[in-house]
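Structural description and commentary
Residue-level listing of the chains:
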Amino acid sequence: MRRVVITGMGMVTPLASGVEATWRRILDGQSGAGPITRFDASGLATTYACEVPRSGADAFDADDWLEPKEQRKVDDFIIFGIAAAEQAIADAALGDLGEAERERVGVMIGSGIGGLESIAETALLIRDKGPRRVSPFFIPGALINLVSGQVSIRHGFKGPNHSVVTACSTGAHAIGDASRLIRLGDADVMVAGGAEAAICEIGIAGFNACKALSTKFGDAPEKASRPWDSERDGFVMGEGAGIVVLEDLDRARARGARIYAEVIGYGLSGDAYHITAPPPDHEGAERAMRAALRSAGIAPADIDYVNAHGTSTMADTIEMGAVQRLLGDAAGAATMSSTKSATGHLLGAAGAIEAIFSVLAIRDQVAPPTLNLDTPPEDAIIDLAPNAKVEREIDVALSNSFGFGGTNAALLLRRMPD
Amino acid sequence: MSENDIETRVRKIVVEHLGVEEDKVTENASFIDDLGADSLDTVELVMAFEEEFGIEIPDDAAETIQTFGDAVKYIKDAV
């Protein structure tokens, strides 16, 4: 079976545009949360979110990636996805590819919700002005698979063109499934990840109605995302995109590519339990992690760092219990943190940016902190990196993602020997 | 409404929607062949003309509007 490595990475996050700028802020313990500025949120239960910064150092400027006239035709999640994909493709330095090579390059970029705001705005337009005013770009500007489509068109990538939709597991499933396409020989290179832009009135109101979002920290939004902490009261919505370039190991070696890490394991499972809640023991998550270990052929004790799903909801401790059961006696030797404490929850992009953070944890031999973790659970055996990064040896990292509907994904990444 | 006024407003819409230089928008300039539009762009252009001038352009008429001059002429007759 072919081996798959990561040779390019890109991201747009609530902390910055760009992988290195985001990672610096993560390690510094900065939060991307603040009052919602995009629309008047004063009537909503939640008035804060982690918006992508549009001004300041390392801010995101859509004009850097897409002509203004093209921006008008697509939802923000597509713009974020294109920007992160361009970063990742440039980072991988794939060079000029011939026609035959481009047929071996695929794209698998998903989204949890897709063009939610575009759909809401178009519905209002129909109500106010009638159906004849609907833009011809509404549908291709809102469809989830149009990030994959746009990236393929821009670069002439003619391999598998696919898109994952598994709520908050989307990014992890995309990277895992795309890796499998390379392993099975359907492609040699895959551009994979997730993109999301659901910080809009209908998005916040919808998650508020599910009682999923934090509501109590209007006076201090940067304190709101606090995975495992006793005061946590829900997740903080984020937005952005994370994209990696996955490549067949032999191909990457042959062209002398910089290899960040190897994707050594991938596991999937379903809870078959509830539409929004995990079962009390989250055995589904545990089965996904065990499946990833099996596919990698390594033992639980080999895991050094876990980038948790850890959304700052009641489910955090359920995940911790599943991880501690999995690791057994080795739990005390591993470190687990939730970078959602800094970025908020990017929904369909979360698993992708977190896979990238796991790669960077391996590269820099440091576990990023869990912010705002002032009172950890009493039954925590594993180190949760409360409020400070942990410099330590990390050869193998596990990245967990779980989504509504009871869908679970676990990715295992390993340092490549020099 | 003077023909000049119609021309100015149509040109402004074309420049904004297609992101082209103003001096490229000449009477015989074809939206698709000269100004880089695709078929979806032309649908959107016609919608923008309808909105700007408060008129309705039926689909069969819209298909005859291929150039800047076609658009100005159609709108002049319609308003």
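Bear in mind the structure is a predicted one, so any value in this text is a computation, not a measurement.

This next bit is on the interface of chain B and chain A. Think of interface size as the accessible area that goes away when the parts come together; that is how it is often given. Each partner contributes to the interface: chain B provides 14 residues, whereas chain A provides 11 residues. Counting each side, the surface lost to burial between chain B and chain A is near 1100 Å², with a carbon and sulfur contribution of 43%. Summed over the shared surface of chain B and chain A, the result is 6 salt bridges. A salt bridge links E51 of chain B to K129 of chain A, with the shortest nitrogen-to-oxygen separation between them at 2.9 Å. There are 7 residue pairs in polar contact (both at pLDDT 80 or more) connecting chain B and chain A. Those elements that place two or more of their residues in the side of chain B that touches chain A are helix 1 (3-18) and helix 2 (39-53) of chain B. With 7 residues, the top contributor of residues to the side of chain B that touches chain A is helix 2 of chain B. Of the residues that constitute the side of chain B that touches chain A, the class distribution is 5 nonpolar, 2 polar and 7 charged.

Within a sheet, neighbouring strands are paired by backbone hydrogen bonds and run either parallel or antiparallel to one another. Residues and elements named next belong to chain A. The mixed open sheet is built from 10 strands, whose spatial order is 5-4-6-7-1-8-14-13-9-10. Unpaired on one side and paired on the other, strand 5 (161-162) and strand 10 (335-337) mark the two borders of the sheet. Note: strand 8 (residues 261-270) against strand 14 (residues 407-414), 8 bridges, orientation antiparallel. Across the sheet, S269 pairs through a bridge with N408, a residue of strand 14. Sitting on the sheet, helix 7 (residues 146-155) is in contact with strand 4 (105-110) and strand 5, with an inclination near 150 degrees to strand 4. Sitting on the sheet, helix 11 (residues 283-296) is in contact with strand 8, strand 13 (396-403) and strand 14, with an inclination near 140 degrees to strand 8.

Residues and elements named next belong to chain A. As recorded in UniProt, the sites labelled "active site" (unreviewed entry) are C168. The residue C168 is located in the loop between strand 5 and helix 8 (170-183) in this model. Discounting chain neighbours no more than four positions away, the residues touching C168 are H309, H345, L347, G348, S401, F402 and G403.

Using the residue numbers shown here, the UniProt feature "domain: Carrier" (unreviewed entry) corresponds to residues 4-79 of chain B. Annotated as 59% helix and 0% strand, the span residues 4-79 of chain B places its first and last C-alpha atoms 14 Å apart.

In the UniProt entry, the feature "modified residue: O-(pantetheine 4'-phosphoryl)serine" (unreviewed entry) is given for S39 of chain B. Looking at the element boundaries, S39 of chain B is found in helix 2.

A word on the nonpolar core. Residues and elements named next belong to chain A. Counting residues in each nonpolar core, the largest one holds 48 residues, and the members touching the most others are I6, M9, W23, I175, M190 and L246. Lining this core are residues from two domains, each supplying at least three of them: domain 1 (4-255) and domain 2 (265-415). Excluding its chain neighbours within four sequence positions, the residues that come into contact with M9 are V19, Q87, A88, D91, I243, V244, Y260, I356, V359 and L360. One finds A62, L66, L97 and A241 within the second-largest nonpolar core, a separate group that totals 33 residues.

Another aspect to go through is the packing of aromatic side chains. What describes a pair of aromatic rings is the distance from one ring centre to the other and the angle between the planes of the rings. Residue and element names in this part refer to chain A. Under the definition given, this model contains 4 aromatic pairs over all chains. Here the aromatic rings of F60 and F80 are separated by 5.3 Å at their centres, their planes lie at 70 degrees, and the arrangement is edge-to-face. Of this pair, F60 sits in the loop between strand 3 (48-49) and helix 2 (68-71) while F80 sits in helix 3 (residues 76-92), and the two are 20 residues apart along the sequence. With a relative accessible area of 2%, F60 lands in the buried category. With relative accessibility at 1%, the residue F80 sits in the buried group. Relative to F235, the ring of F207 has its centre 5.5 Å away and its plane inclined at 75 degrees; by these criteria the two rings are edge-to-face. Of this pair, F207 sits in helix 9 (residues 201-209) while F235 sits in the loop between helix 9 and strand 7 (240-248), and the two are 28 residues apart along the sequence. Given a relative accessible area of 11%, F207 falls into the buried group. Accessibility expressed as a relative area gives 5% for F235, which makes it buried. Every member of this aromatic cluster is reached through a ring pair, and the members are F207, F235 and F404.

Okay, the pattern of salt bridges next. The full count for this structure, using the stated rule, is 42 salt bridges over all chains. Linking R38 of chain A and E51 of chain A is a salt bridge whose minimum nitrogen-to-oxygen distance equals 3.8 Å. Highlighted residues: R38 of chain A in the loop between strand 2 (34-35) and strand 3 and E51 of chain A in the loop between strand 3 and helix 2, separated in sequence by 13 residues. Classification of E51 of chain A as buried rests on a relative accessible area of 12%. When the shortest N-O distance is used, the salt bridge between D364 of chain A and R363 of chain A registers 2.9 Å. Look at R363 of chain A and you get partly exposed, because its relative accessible area is 35%. Ionic contacts of the salt-bridge type, sharing partners, join the residues K129, R132 and R133 of chain A together with E50 and E51 of chain B into one network.

Residue and element names in this part refer to chain A. At a minimum axis separation of 9 Å, helix 11 and helix 12 (residues 315-327) run at an interaxial angle of 40 degrees. Here helix 11 is positioned oblique relative to helix 12, judged by the angle of their axes. With respect to the hand of their crossing, helix 11 and helix 12 are arranged in right-handed fashion. Facing E283, E286, M289, R290 and L293 of helix 11, the residues of helix 12 in contact are A322, V323, R325 and L326. Residue composition of the contact of helix 11 with helix 12, by class: 5 nonpolar, no polar and 4 charged.

Definitions and cut-offs
- Residues numbered from 1 in each chain as written.
- Chains lettered and ligands numbered in written order.
- Predicted model: local features only at pLDDT ≥ 70, side-chain atom pairs only at ≥ 80, totals over all residues.
- Heavy atoms only, no water.
- Contact = heavy atoms within 4.5 Å.
- Buried area = accessible area lost by both parts, 1.4 Å probe.
- Salt bridge = Lys/Arg side-chain N within 4 Å of Asp/Glu carboxyl O.
- Polar contact = N/O pair within 3.5 Å; in protein donor to acceptor, adjacent residues only side chain to side chain.
- Helix = DSSP H or I, 4+ residues; strand = E, 2+ residues; numbered from the N terminus.
- Nonpolar A, V, L, I, M, F, W, Y, C, P; charged D, E, K, R; others polar.
- Pairing = 2+ DSSP bridges.
- Axes fitted to C-alpha atoms, helices over the stretch in contact; angles between N-to-C directions.
- UniProt positions renumbered as here; feature names shortened; annotations may be inferred.
- Core = buried A, V, L, I, M, F, W, Y, C linked by side-chain atoms within 4.5 Å.
- Buried < 20%, exposed > 50% of the residue type's maximum accessible area, 1.4 Å probe, protein only.
- Domains from an automatic or database assignment.
- Phe/Tyr/Trp six-rings, centres within 6.5 Å; stacked < 30°, edge-to-face > 60°.
- Parallel < 35°, antiparallel > 145°, perpendicular 65-115°, else oblique.
- Left-handed = near helix turned anticlockwise from the far one by under 90°.

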